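What follows is the residue order along each chain.
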Amino acid sequence: MRRIHAIDSHSEGEPTRVILNGGPDLGQGSVRELSERFARDHGDFRRATVDEPRGSEVLVGALLVPPRAADCAAGVIFFNTVGTLGMCGHGMMGLARTLAHLGRIQCGTHRIETPVGVVAFTLSDDGSIAVANVASRRTTKDVRVELQANDAVCGDVAWGGNWFFITADTGQHPLDRAHADRLTSRAWLIRRELARAGITGDDGSPIDHIEFTGPSQRSDCAWRSFVLCPGGAYDRSPCGTGTSAKLACLAADGKVAAGVRVGAESFVGTRFEAWYQRGADGAVLPTVAGRAWITAEVCLLLEASDPCAAGIPR
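Residues numbered from 1 in each chain as written. Predicted model: local features only at pLDDT ≥ 70, side-chain atom pairs only at ≥ 80, totals over all residues. Heavy atoms only, no water.

Colleague: How should I be thinking about helix H3 (residues 89–101) in this particular structure?
Modeller: Because the α-helix completes a turn every 3.6 residues, residues three or four places apart line up on one side. Compared with an ideal rise of 1.5 Å per residue, which puts 13 residues at 18 Å, H3 spans 18 Å between its outermost C-alpha atoms and is within 8% of the ideal. With 10 of 13 residues buried, H3 lies mostly within the body of the structure. Glycine 103 occupies a position one or two residues after H3 and carries a positive phi of about 80°. (Helix = DSSP H or I, 4+ residues; strand = E, 2+ residues; numbered from the N terminus. Expected span 1.5 Å × (residues − 1). Buried < 20%, exposed > 50% of the residue type's maximum accessible area, 1.4 Å probe, protein only.)

Listed below in structure tokens is the structure:
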């Protein structure tokens, strides 16, 4: 019987499972190197901890690993049902809340090493968590993607720790939960046609997040979003890396000035607050703030005789 201990949380609706122990031995190296080994050699562990029957397509895992950077409180590898993630904004909030729940950190600013660089978060007395994300950028504006006869979509390609295609063209489907299936189908179609057309991030990586944006239903938010994640589920939070990518687009268009705080509404009505500063090289340095709540202390059990020990194949 293999035991894996974890803490579950949700950040404005989106769940995170932080793996505390029982994970694979990834050896030495930077978190990027450890993430590459995890992705290459430990798919069974990844699926066992976030796939059915112990998880779901909505769940994001966060494996704690030793940081190489001496000034970091921890290293983390984020993953989901289909692979690893470079960064995860809601997952970082869940990690912060988990470390505080365990008594490993106090209120203040802490640095975390991720596969795409060092990210800092600030845990405040009121429970809010502000994540200072990696530098974000829009690489291409108004990319046209042909979907089918008499249907094309235009959007921006942007980086916020993951690659996004961001568009307001929902195919006339309102951004409400009654239309979740139709929005999901359209997002999948866009993702497929992006790949078919050879449209990628500027580093050659596939664009694996599709983000629809529209008017907010809240007075304290500037937009509402539907974000389709790589595993096929929509983000229940406003999506931290997606909010960062959207900020990069708004900054590039001169629609939001540095230091101005804006609200981002999720598909289920929850909220992040976001703002950015300019780096010395002009880069957009976004901060995304929200809250996370502990939902469970978990001991996952993997029996050797269980045919679904490594998750149910997708």
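Colleague: Quick question: what am I supposed to make of the pattern of salt bridges here?
Modeller: Side-chain pairs of opposite charge can arise whenever the charged atoms involved come near each other. With the rule as written, the count across this model stands at 21 salt bridges. Among the ionic pairs, arginine 17 bridges to aspartate 8, the shortest N-O distance being 2.9 Å. A salt bridge links arginine 192 to glutamate 193, with the nearest nitrogen and oxygen atoms 3.0 Å apart. Looking at arginine 192, the relative accessible area reads 45%, which means it is partly exposed. Sharing partners across several salt bridges, the network here consists of Arg218, Asp220, Arg261, Arg271 and Glu273. (Salt bridge = Lys/Arg side-chain N within 4 Å of Asp/Glu carboxyl O.)

Colleague: Would you mind going over the environment of alanine 304 with me for this structure?
Modeller: As for its placement among the helices and strands, alanine 304 is situated in the segment after strand S17 (292–302). Each C-alpha atom of the pair alanine 304 and alanine 222 lies 50 Å from the other, and the pair is 82 residues apart in sequence.

Colleague: What is the right way to read the side chain of serine 225 from this model?
Modeller: Locating serine 225 in the fold gives a position in strand S13 (residues 223–228). On the accessibility criterion, serine 225 (2% relative accessible area) is buried.

Colleague: Teacher, can you tell me more about empty space enclosed by the protein here?
Modeller: Think of a ball as big as a water molecule: rolled over the atoms, this probe shows where empty space is left. As enumerated under the stated definition, the model contains 2 cavities of 30 Å³ or more in all. Counted as a void, the largest cavity has a volume near 170 Å³. As for the largest cavity, its lining consists of 21 residues, and the residues nearest its centre are Val60, Leu85, His209, Cys229 and Asp235. Sorting the residues of the lining of the largest cavity by element identifies H3 and helix H5 (240–252) as the ones contributing at least two each. Of the residues that constitute the lining of the largest cavity, the class distribution is 10 nonpolar, 8 polar and 3 charged. Lining the second largest cavity are Met87, Gly89, Val131, Asn133, Gly240, Thr241, Ser244 and Val288. Sort the elements by how many residues they give to the lining of the second largest cavity and H5 lands first, with 3 residues. Tallied by class, the residues present in the lining of the second largest cavity amount to 3 nonpolar, 5 polar and no charged. (1 Å grid on protein atoms, 1.4 Å probe; cavity = no way out; pocket = protein on both sides within 12 Å on 5 of 7 lines; lining within 4 Å. Points joined across faces, edges and corners; volume = space filled by probe spheres on them. Nonpolar A, V, L, I, M, F, W, Y, C, P; charged D, E, K, R; others polar.)

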